[in-house]
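Listed below are the residues making up each chain.
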Amino acid sequence: MTKNYKLHYHPNLNLEKETTIELKSVEEVRICPHCGIATSPTFIDGYLIGDNNSYIPPTAYIIFHCPSCSKLYIAKYYIPHNYYITNDMMPYDFTPIFPSCTYPGKHILPEFTENIKQLSPMFVETYRQACYAEENEDTIGLAGLGYRKAIEFLIKDYLIKVDPDNKDKIIKMQLGKCIDKLDEDIQDIAKAATWLGNDEVHYFKKHGDYGIDDMKDFIQCLVADIERYYVKLKAREFVNANDNATK
Ligand SMILES: [Zn+2]
């Protein structure tokens, strides 16, 4: 959700001058970095800085309060660099700005069940690596690529489990074709996660209104769906084995 907040601005970091107040349209941090719960945080205060002389790009730092765990954190926002500062003035603009990282950093590694760990160890490992990339300001740009790779492992390992005779074919198959082989009711969620993942890999972003958090929501849903089918499959194997044993 985007909200408008008043931020203090020190023109060119000249602390002897009075701060001015700038109104900025800010995309909220969705997940609290302390407790990992999705909330709408309370704005406490915020600052805009930027210094042409020291090559510090316009950046916003905002302090938020999490209503869930009652802790404070700071979110950092880069202002698009075409808005350089002139005459000590921050440009007047209401294009939303997006959080690039939080202090403290996010701890967002989800727990996967034994079924998923057993089904696709490479999915779990690649997802974990993508989370680490997302937590670190220096590697955050690589997180989307990692999540996209993780999706591919999950879908292919699941298909191989369901159809082991075609393992070699599935390994080499394009991901889109693999998704077509999934049960119909999980195809949409797999497509949505993959398309957003492709956006993270390519130069041109087709789905600009969606981001990594949406892709992760879709992956979590895909994991839950695949786990449900995987458990059904195990049950069927169990029943068949016992049917044969009792014949
Ligand atoms: Zn919290």
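Up top is the structure.
Residues numbered from 1 in each chain as written. Predicted model: local features only at pLDDT ≥ 70, side-chain atom pairs only at ≥ 80, totals over all residues.

Student: Now, about the overall build of the protein chain: what can you tell me, with residues and values included?
Tutor: Summing up its helical and strand segments, the protein chain has 7 helices and 6 strands in all. The order of α-helices and β-strands along the protein chain, N terminus first, is β-β-β-β-β-β-α-α-α-α-α-α-α. Against the compact-globule benchmark of 18 Å for 247 residues, the protein chain has a radius of gyration of 23 Å, which places it well outside the compact range. Structurally, the protein chain occupies a C-alpha span of about 90 × 40 × 25 Å along its principal axes. Partitioning the contacts of the protein chain with sequence separation of at least 6, the portion at a separation of at least 24 is 57%. (Helix = DSSP H or I, 4+ residues; strand = E, 2+ residues; numbered from the N terminus. Rg over C-alpha atoms; globule rule 2.2 N^0.38 Å. Contact = placed C-beta atoms within 7 Å.)

Student: A description of the sheet that holds strand 4 (residues 56-65) should follow, citing residues and the corresponding values.
Tutor: Whether parallel or antiparallel, the strands of a sheet pair through hydrogen bonds between backbone atoms. The strand order across the open sheet formed by 6 strands is 2-1-3-4-5-6, and the pairing between neighbours is mixed. Of all strands in the sheet, those with a lone pairing partner are strand 2 (20-27) and strand 6 (99-103), marking the two edges. This sheet shows a mean twist of 30 degrees between the axes of neighbouring strands, independent of strand direction. Bridge analysis of strand 4 against strand 5 (residues 72-78) gives 7 bridges, and the strand direction is antiparallel. By the bridge assignment, I63 is partnered in strand 5 with I74. (Pairing = 2+ DSSP bridges. Axes fitted to C-alpha atoms, helices over the stretch in contact; angles between N-to-C directions.)

Student: Any chance you could break down the environment of E28 for me, citing the residues and the numbers?
Tutor: In this fold, E28 is placed in the loop between strand 2 and strand 3 (42-51). Each C-alpha atom, one on E28 and one on S54, is 29 Å from the other, the two residues being 26 residues apart in sequence. With sequence-adjacent residues up to four places away left out, E28 is seen in contact with M1, K3, S40 and P41.

Student: Can you lay out the nonpolar core for me, pointing to particular residues and giving the numbers?
Tutor: If you look at the biggest cluster of nonpolar residues, it comprises 30 residues, and the most contacted ones within it are Y147, L154, I155, A193, I219 and L222. Among the secondary structure elements, those contributing two or more residues to this core are helix 1 (114-119), helix 2 (121-135), helix 3 (143-162), helix 5 (175-180), helix 6 (184-201) and helix 7 (212-246). Looking at this core element by element, the count peaks at 8 residues for helix 3. The residues contacting L222, other than those within four sequence positions of it, are L154, I186, I189, A190 and A193. (Core = buried A, V, L, I, M, F, W, Y, C linked by C-beta atoms within 7 Å. Buried ≥ 20, exposed ≤ 12 C-beta atoms within 10 Å, placed from the backbone.)

Student: Account for the packing of helix 2 against helix 3, with residues named and values stated.
Tutor: Closest axis-to-axis distance for the helix 2/helix 3 pair is 8 Å, and the angle between their directions is 170 degrees. The pairing of helix 2 with helix 3 is recorded here as roughly antiparallel in orientation. Mapping the contact onto sequence places M122, F123, T126, Y127, Q129, A130, A133 and E134 in helix 2 and A143, G146, Y147, K149, A150, F153, L154 and D157 in helix 3. Per-class residue counts for the contact of helix 2 with helix 3 are 10 nonpolar, 3 polar and 3 charged. (Parallel < 35°, antiparallel > 145°, perpendicular 65-115°, else oblique. Nonpolar A, V, L, I, M, F, W, Y, C, P; charged D, E, K, R; others polar.)

Without other data, these values stay purely geometric and don't point to any function.
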